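Descriptive structure summary
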Amino acid sequence: MHGILVAVGSPGQITEIEKNIFSAWRDRLNFHPKHVRVARTSTSLFFSAEMENPVFPGGSASISDSGAFAFAGVPLIDDLAANGKYGADDIAQYLRLGPRRFRQSVASSYAVADVSAERLIAFSDLCGRYPWFYRKSDGIVIVSNVLSLLAENRQRLSARAATSLCVHSQIWGDEIFPGVELLKTGQVLIFDEYGLRTMSLDDDWGWFGAYDIPSVADYETASDRLLQTFKTLGTLVSTKISLGLSGGKDSRVMAAYAVRAGLGDNLDVFTSGIENSPEFEISARVRSVLGVAGREIVGRPANLTAEAYWPSLRAQIGRYKGLLLPVSGSKERFSSNPRIEISGFGGELYRRGIAKQFVTKPIKNIDDACVRWRSYHVPPDVNRVIRDEVVRKDANWMASWVKQKIAEGYDPQALPELFFVSYRVPLHQGIASMASGAKLYVDPLIHPKLQKTHFLFGRFAGEAELTHCALLWYAKRELCSVPFVKDKWHDSLGHIFPQGALAFDSFAAGASDKFIRPFAWEFFSEAKDKVKSTFSAETELFEFVDRSKLNLFLDSDGALKSTAAANQMFTILGLQLHMTGDVEPPKDGPMVSAEILNRGSALEWGRPPL
């Protein structure tokens, strides 16, 4: 974990925040940071704390006489790292050229905070995998990439956040806790002599649909860019790099480019799943084609007992503060050594934002778009336990978002991807990235130039997953003919690529999510009494959840019939545990004693003239 906090306010406010920042880090996050850098003036505070960082031994924050700088993630800048490793000072110097050029020249995921005598700026990658949050009140502005550090009441969510969690099992909206806002992707937050404001970095979505006829040859340049990203990563990292290989397309593309870039001997390839998962067989076939070794991690079985599942569930809620899906209670309760992990995340951007109802047919008009957005990603309130008026308000909010974006000139066909990176990424995967103290994620598919190439072909590329297929074709075309788990190439690609070159049959077709993913499907029936006891406490949850409908569900067999049903019920249970404080602190990452933290020698002081 890498936490950054910047505050600007009166001398008294800054002194108060500085006095409480270490206790807030320990008490709210249950982590003890190892590397700490603090800089302050009478009216500003810059705080950067991180766990062990295996990529940048000197840390990813710097303080000088002219200001302070920090980043989270691994910003892969090709021309900057061509001759070896770089650190925070180098990236800060590159940033002097401007946020717009920085953002258009950097692959992977990152968040940047830069404070100088003239200004404070903060922005993130094009998807917001490492998001920024900010709060302005009583004359003070506080910016942080750690949501919990900004909330005045950590048990109370905003109405918008709580509504979307209950209805859709996702957080959608700009305000998370009351008064705490998400900095939208594609925007830079600026505080200077003119006050606090946000400005657009660039309009990435203006590229959408520029070409009428897609050509695979146009993807050769995109392939070269992705390959250079992996080569840059190889110049920065001397430790083993983890790569999770599943039965899907994203991780296969990542594995192919990592090997082609010469990282094969430096990879720790693993596949995880429940016992007898078909992903193990597919992974073995992919590794055989690539010529790399790998290991299998067999997770807990899907039919966990309630007694075994409950404590692990409480630990996951403690990690994510109740803001993410708590269906991962079957995961290990903590990780040990910090590691770098190449993620296939970002590939969702190239498949219509994973909202499948947008793939089957184009959006006709505004009314059609509004209707489809009511069930963006999943149908609303699958288990029918939410108050009717709450569901109606949610539908109205979703429709207003669609109408606003179309009024701003966005192509309706680009809205699924825009919604995906505006909300689902920073408020789901983004918070997950911050929550894991033992992982530093690298996401090469979050690359502005790859996105531009994809968007030039508009809706066709997303529906057919042309980008995935073309990238894989240039890296290791033999992998295009190896089938996927519960997936296949779109029929339309058969007219672009040579006959027989693509896999049009899926492996384990028809297999249920219950078989492939480790959900505790019988948990609510097995643990009925304990769950009902948990819900007996009066919290703000029941401003959104209809207690009579919830009891009706719990008094039935309580079995979860689908993935969407499981997501919603575990989310609601997670919210209740979050609001009652019935959680277990996470234990990830290396710990440092409070004694060391309280020693003045643990700090590196600077006084940037803000």
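Residues numbered from 1 in each chain as written. Predicted model: local features only at pLDDT ≥ 70, side-chain atom pairs only at ≥ 80, totals over all residues. Heavy atoms only, no water.

So, about the packing of helix α5 (residues 219–236) against helix α14 (residues 466–476). Contact pair α5 / α14: the axes reach a minimum separation of 9 Å and the direction vectors enclose 70 degrees. What the angle tells us is that α5 and α14 run roughly perpendicular. In this structure, α5 meets α14 at a crossing whose hand is right-handed. Contacts between α5 and α14 involve Tyr219, Glu220, Ala222, Ser223 and Leu226 on the former and, on the latter, Leu466, Thr467, Ala470, Leu471 and Tyr474. The residue inventory of the contact of α5 with α14, partitioned by class, reads 7 nonpolar, 2 polar and 1 charged. (Axes fitted to C-alpha atoms, helices over the stretch in contact; angles between N-to-C directions. Helix = DSSP H or I, 4+ residues; strand = E, 2+ residues; numbered from the N terminus. Parallel < 35°, antiparallel > 145°, perpendicular 65-115°, else oblique. Left-handed = near helix turned anticlockwise from the far one by under 90°. Contact = heavy atoms within 4.5 Å. Nonpolar A, V, L, I, M, F, W, Y, C, P; charged D, E, K, R; others polar.)

Glancing now at the packing of aromatic side chains. Under the criterion given, the structure shown has 25 aromatic pairs. Seen from their ring centres, tyrosine 94 and phenylalanine 102 are 6.0 Å apart, and the 65 degrees between their planes marks the pair as edge-to-face. Here tyrosine 94 falls in the buried class, since its relative accessible area comes to 8%. Judged by relative accessible area, which is 0%, phenylalanine 102 ranks as buried. Between tryptophan 373 and tryptophan 401 the ring centres are 5.6 Å apart and the planes differ by 35 degrees, which places this aromatic pair in the tilted class. (Phe/Tyr/Trp six-rings, centres within 6.5 Å; stacked < 30°, edge-to-face > 60°. Buried < 20%, exposed > 50% of the residue type's maximum accessible area, 1.4 Å probe, protein only.)

All right, on to the pairing of strand β10 (residues 133–137) then. Sheet analysis places β10 next to strand β12 (residues 180–182), joined by 3 bridges and oriented antiparallel. Among the inter-strand pairings, phenylalanine 133 is bridged to a residue of β12, identified as leucine 182. Bridging between β10 and strand β11 (residues 140–144) involves 5 bridges; their strand directions are antiparallel. Counted as the bridge partner of phenylalanine 133 is serine 144 from β11. Adjacent in sequence and paired antiparallel, β10 and β11 are bridged by 2 residues, among which aspartate 138 carries a positive phi angle near 55 degrees. (Pairing = 2+ DSSP bridges.)

With antiparallel pairing, 6 strands are arranged side by side in an open sheet as β4-β5-β8-β9-β13-β14. The open sheet is flanked by β4 (61–64) and β14 (195–200), the only strands paired with a single partner. Sheet twist, expressed as the average angle between the axes of neighbouring strands with direction ignored, equals 10 degrees. Taken together, the 5 bridges between strand β8 (residues 110–116) and strand β9 (residues 120–124) define a ladder with antiparallel strand orientation. Across the sheet, alanine 113 pairs through a bridge with alanine 122, a residue of β9. Where helix α2 (residues 88–95) meets the sheet, it contacts β4, β5 (67–73), β8 and β9, and its direction lies at approximately 105 degrees from that of β5.

A few words on the pattern of salt bridges. Pairing is possible between side chains that carry opposite charge, provided their charged atoms lie close to one another. Applying the stated rule across the entire model yields 20 salt bridges. Between arginine 351 and aspartate 250 there is a salt bridge; the shortest N-O distance is 3.1 Å. In this pair, arginine 351 is assigned in the loop between β18 (339–342) and α9 (366–373) and aspartate 250 in helix α6 (residues 249–260), connecting sequence segments 101 residues apart. When the shortest N-O distance is used, the salt bridge between aspartate 268 and arginine 295 registers 2.8 Å. Of the two residues, aspartate 268 is situated in strand β16 (residues 267–273) and arginine 295 in strand β17 (residues 295–298); the sequence distance between them amounts to 27 residues. (Salt bridge = Lys/Arg side-chain N within 4 Å of Asp/Glu carboxyl O.)

On to unusual backbone geometry, then. For serine 169, which is not glycine, the phi dihedral falls at a positive 65 degrees. Summarising the element assignment, serine 169 is placed in the loop between α4 (159–168) and β12. A relative accessible area of 5% means that serine 169 is categorised as buried. Positive phi, close to 55 degrees, is recorded for glutamate 465, a residue that is not glycine. Assignment of secondary structure puts glutamate 465 in the loop between α13 (458–464) and α14.

A few words now on the environment of threonine 198. In this structure, threonine 198 sits in strand β14. Assessed through its relative accessible area of 33%, threonine 198 is described here as partly exposed. Residues threonine 198 and isoleucine 121, 77 residues apart in the sequence, show an inter-C-alpha distance of 9.4 Å. Setting aside its immediate chain neighbours within four residues, threonine 198 contacts Tyr134, Leu183, Gln187, Val188 and Leu189.

To continue, consider the packing of α5 against α6. Any two packed helices are characterised by how steeply their axes cross, that is the angle between the axes, and by the distance between the axes. Between α5 and α6, whose axes approach to 9 Å, the crossing angle comes to 70 degrees. By the criterion of interaxial angle, the relationship of α5 to α6 is roughly perpendicular. Considering the relative orientation of α5 and α6, their crossing is right-handed. In contact with Ser223, Leu226, Leu227 and Phe230 of α5, α6 contributes Val253, Met254, Tyr257, Ala258 and Arg260. Taken together, the residues of the contact of α5 with α6 sort by class into 7 nonpolar, 1 polar and 1 charged.

Moving on, we get to the sheet that holds strand β19 (residues 439–442). With parallel pairing, 5 strands are arranged side by side in an open sheet as β17-β16-β15-β18-β19. At either margin of the open sheet sits one strand with a lone partner, and together these are β17 and β19. Neighbour to neighbour, the strand axes of the sheet diverge by 35 degrees on average, direction disregarded. Where β16 lies against β17, 4 bridges are found, and the strand directions are parallel. Residue glycine 273 lies in a different strand from β17, and its bridge partner there is valine 298.

Geometric values such as these leave the question of function open.
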